[in-house]
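What follows is each chain in one-letter form.
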Amino acid sequence: MVTLAEVARHAGVSASTVSYVLSGKRSISAATRERVEQSIRELGYHPNAGARALASSRSNIIALMMPLRTDMYVPVMMEIALAVATTARSHDHDVLLLTGEEGPAAVRRVVGSGLADAMILMDVELDDARLPLLREAGRPAVLIGVPADATGLTCVDLDFTATGALCVEHLAELGHRDIAVIGEAAAVYERHTGFAERTRDGLRARAAELGVGLLHRSCEGDYAAMAGTLSRILDERPGTTGFIVQNEAAIEPLLSLLRQLGKAVPEDVSVVAICPDQVAVQASVRLTSVAIPASEMGRRAVELVMDKARGEKKDLLDLLPPRLTVRASSGPAPAPR
C-alpha cells in the first residue's frame, strides 16, 4: 500500500501539502497541485476512506434509498441503481445501497451516523413519510420521483402525467374510442406511489378532453390475474379496442390472452405499453411504447445531488419529456361491426 508520506517524497513536498491537495482545505498553487496529483496517479495512491472522512467530515458516499418491493419491476430499479453507481464513481464517490422498507428510519440513520454526504431517494410516494426528515436534515438530496408537494426539494423523473396523456392521444388519433388501462398492482396505488398516480391522472385528464372512454384497472401481472382483469374489462366494455399497459409483468399474459380470444394485434385491438425499450421490442408483438429512461434518471440524479453538495443549484423539478415509439402493436381502430 502506497502511503501519503511516499507521495509527498515523490512529489518533493511535505505530507501536509499532500493532505491539503486531497482535502481542498487550503489554497495550493496550480503547479504544486499538478505535481502532487501526478505523483498520486503514478504511485496509484488511494486515500484511506476512514481517515479521509475523519479529517474532512466527508465520506465521499451517496446513500441510495431503493426499497425493493415484490410489486415493483426490479430490472428498471436496478438499471437506475447502476447508472447512479457509475456516475457517482466519475465524481469520486461510492454508493451505499439501502434496500429495506425502513422509511424515515433510513433517513434518520444516514443523517445521524454521517454515513453519506448526500442522499438519493427512489420509490417516492405522493405523501412520502421520509420527506419531513429530509427537509429538516439539510443534507444534499435528490428524489427520483415527485411527491405531491415538491417545495424545497430537487426531483428528477419521467413526466408521467404527460406520458399517460401521450398514450391516450396516440390511440385516439388512430380512431380508438374505448380504451382500457392495465395498471400496476393494487398495492402500488394503495401506497399512492407517485409515478403510478401521475400516469393515471394524465390518462384520465386527456381521455376526458378527447371524449374517449377510459377504464383503469390494477393488476398483479401474473397470468391468472391478467385473465380475470381482461375478462372483467371485456364484460364492462365489450367495445374496447385499445389497451395501455403500465405493468411489465402483465404484457405477455395480455398478448397471450388476446390471441386465445381471437383478437389480433393490431388488426382487432391495439396495445401501447409504458415500459423499457428492451421489454417492448422483445415482446411477442413488438410494442408501441413510451420508454422508461432509467439510466438517464439515475445519471441526472447524481449530477443534481453533486451540484447541491457544491452549493451550485437551488431546488429543481426536472421532468424528462416522454418519447413514444410506434411499432407493430398499434393501428387504426377496426370498423364497427
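Residues numbered from 1 in each chain as written. Predicted model: local features only at pLDDT ≥ 70, side-chain atom pairs only at ≥ 80, totals over all residues. Heavy atoms only, no water.

Novice: Describe in detail the overall build of the protein chain, supporting the description with residues and values.
Specialist: A count of helices and strands for the protein chain gives 14 helices and 12 strands. If one aligns the C-alpha atoms of the protein chain with their principal axes, the spans along those axes are about 90 × 40 × 35 Å. Within the protein chain, counting contacts between residues at least 6 apart in sequence, those at least 24 apart form 71% of the total. When the accessible surface of the protein chain is summed, it comes to about 15,500 Å², and 53% of that surface belongs to carbon and sulfur atoms. The average position of the 36 basic charges and that of the 42 acidic charges among the side chains of the protein chain differ by 5 Å. (Helix = DSSP H or I, 4+ residues; strand = E, 2+ residues; numbered from the N terminus. Contact = heavy atoms within 4.5 Å. Areas by Shrake-Rupley, 256 points an atom, 1.4 Å probe, with all protein chains shown as cover. Lys, Arg positive; Asp, Glu negative; His and termini not counted. Charge placed at Lys NZ, Arg CZ, Asp CG, Glu CD.)

Novice: With reference to specific residues and values, describe the pairing of strand β8 (residues 242-245).
Specialist: Burial along β8 is two-sided: Gly-242 and Ile-244 facing one way and Phe-243 and Val-245 facing the other are all buried. Sheet topology places strand β6 (residues 178-182) next to β8; 4 bridges connect them, and they run parallel. Opposite Ile-179, over in β8, you have Gly-242 as the bridge partner. The sheet contact formed by β8 and strand β9 (residues 270-274) spans 4 bridges and is parallel. Residue pairing across strands places Gly-242 opposite Ser-270, the latter belonging to β9. Running through helix α12 (residues 251-260), the crossover from β8 to the neighbouring parallel element β9 is right-handed. (Buried < 20%, exposed > 50% of the residue type's maximum accessible area, 1.4 Å probe, protein only. Pairing = 2+ DSSP bridges. Right-handed = clockwise from strand over helix to strand, strands pointing away.)

Novice: Which residues make up the nonpolar core, and what values do they have?
Specialist: By size, the foremost hydrophobic cluster in this structure holds 45 residues, and its most contacted members are Ile-80, Ile-120, Ile-144 and Ile-244. The element contributing the most residues to this core is helix α14 (residues 294-309), with 7 residues. Judged by nonpolar contacts, the second largest core, of 26 residues, contains Ile-233, Phe-243, Ala-280 and Ala-283. (Core = buried A, V, L, I, M, F, W, Y, C linked by side-chain atoms within 4.5 Å.)

Novice: Which residues make up the packing of helix α1 (residues 4-11) against helix α2 (residues 15-23), and what are the values?
Specialist: Two numbers describe how α1 lies on α2: the axes approach to 8 Å, and their chain directions differ by 105°. The orientation of α1 relative to α2 falls into the category roughly perpendicular. Two secondary-structure elements touch here, α1 through Leu-4, Val-7 and Ala-8 and α2 through Ala-15, Val-18, Ser-19 and Leu-22. Here the residues of the contact of α1 with α2 sort into 6 nonpolar, 1 polar and no charged. (Axes fitted to C-alpha atoms, helices over the stretch in contact; angles between N-to-C directions. Parallel < 35°, antiparallel > 145°, perpendicular 65-115°, else oblique. Nonpolar A, V, L, I, M, F, W, Y, C, P; charged D, E, K, R; others polar.)

Novice: How would you summarise the pairing of strand β1 (residues 61-65) if you had to cite specific residues and measurements?
Specialist: Looking down a regular strand, the side chains alternate between one sheet face and the other. Among the 5 residues that make up β1, 4 are buried, leaving the element largely enclosed by the rest of the structure. In this sheet, strand β2 (residues 94-98) lies alongside β1 in parallel orientation, the contact comprising 5 bridges. Across the sheet, the residue bridging to Leu-64 is Leu-97, located in β2. Handedness of the crossover joining β1 and β2 through helix α5 (residues 74-90): right-handed. The sheet contact formed by β1 and strand β3 (residues 118-121) spans 4 bridges and is parallel. Bridged to Ile-62 within β3 is Ala-118.

Novice: Could you give an account of the sheet that holds β3, naming the residues involved and the relevant values?
Specialist: Overall, parallel pairing links the 6 strands, which are arranged β2-β1-β3-β4-β5-β11 in an open sheet. If you trace the sheet from one side to the other, it starts and ends with β2 and β11 (317-320), each paired once. Ignoring which end each strand starts from, the neighbouring axes of this sheet average 20° apart. Its contacts with the sheet put α14 on β1, β3, β4 (141-144), β5 (155-158) and β11, and the angle it makes with β4 is roughly 160°.

Novice: So, α12: which residues are in play, and what are the values?
Specialist: Counting buried positions along α12 yields 7 of 10 residues, so the element is predominantly enclosed. All of the buried residues in α12 are Ile-251, Pro-253, Leu-254, Leu-255, Ser-256, Leu-257 and Leu-258. Of the residues trailing α12, Gly-262 is marked for its positive phi of about 75°.

Novice: Give me helix α3 (residues 30-43): which residues, what numbers.
Specialist: Quick reminder: α-helices carry 3.6 residues per turn. Residues three or four places apart thus point the same way. Taking 1.5 Å as the rise per residue, α3 with 14 residues should run 20 Å; its terminal C-alpha atoms sit 20 Å apart, in good agreement. By the burial criterion, the buried members of α3 are Thr-32, Val-36, Ser-39 and Ile-40. Along α3, the residues classed as buried sweep out an arc of 100° about the axis, all on the same side. Among the exposed residues of α3, those pointing more than 90 degrees away from its buried face are Ala-30, Ala-31, Glu-34 and Arg-41. Buried residues in α3 make contact with α1 and α2. Looking one or two residues past α3, Gly-44 carries a phi angle of roughly 70°, positive in sign. (Expected span 1.5 Å × (residues − 1). Arc of directions from axis to C-beta.)

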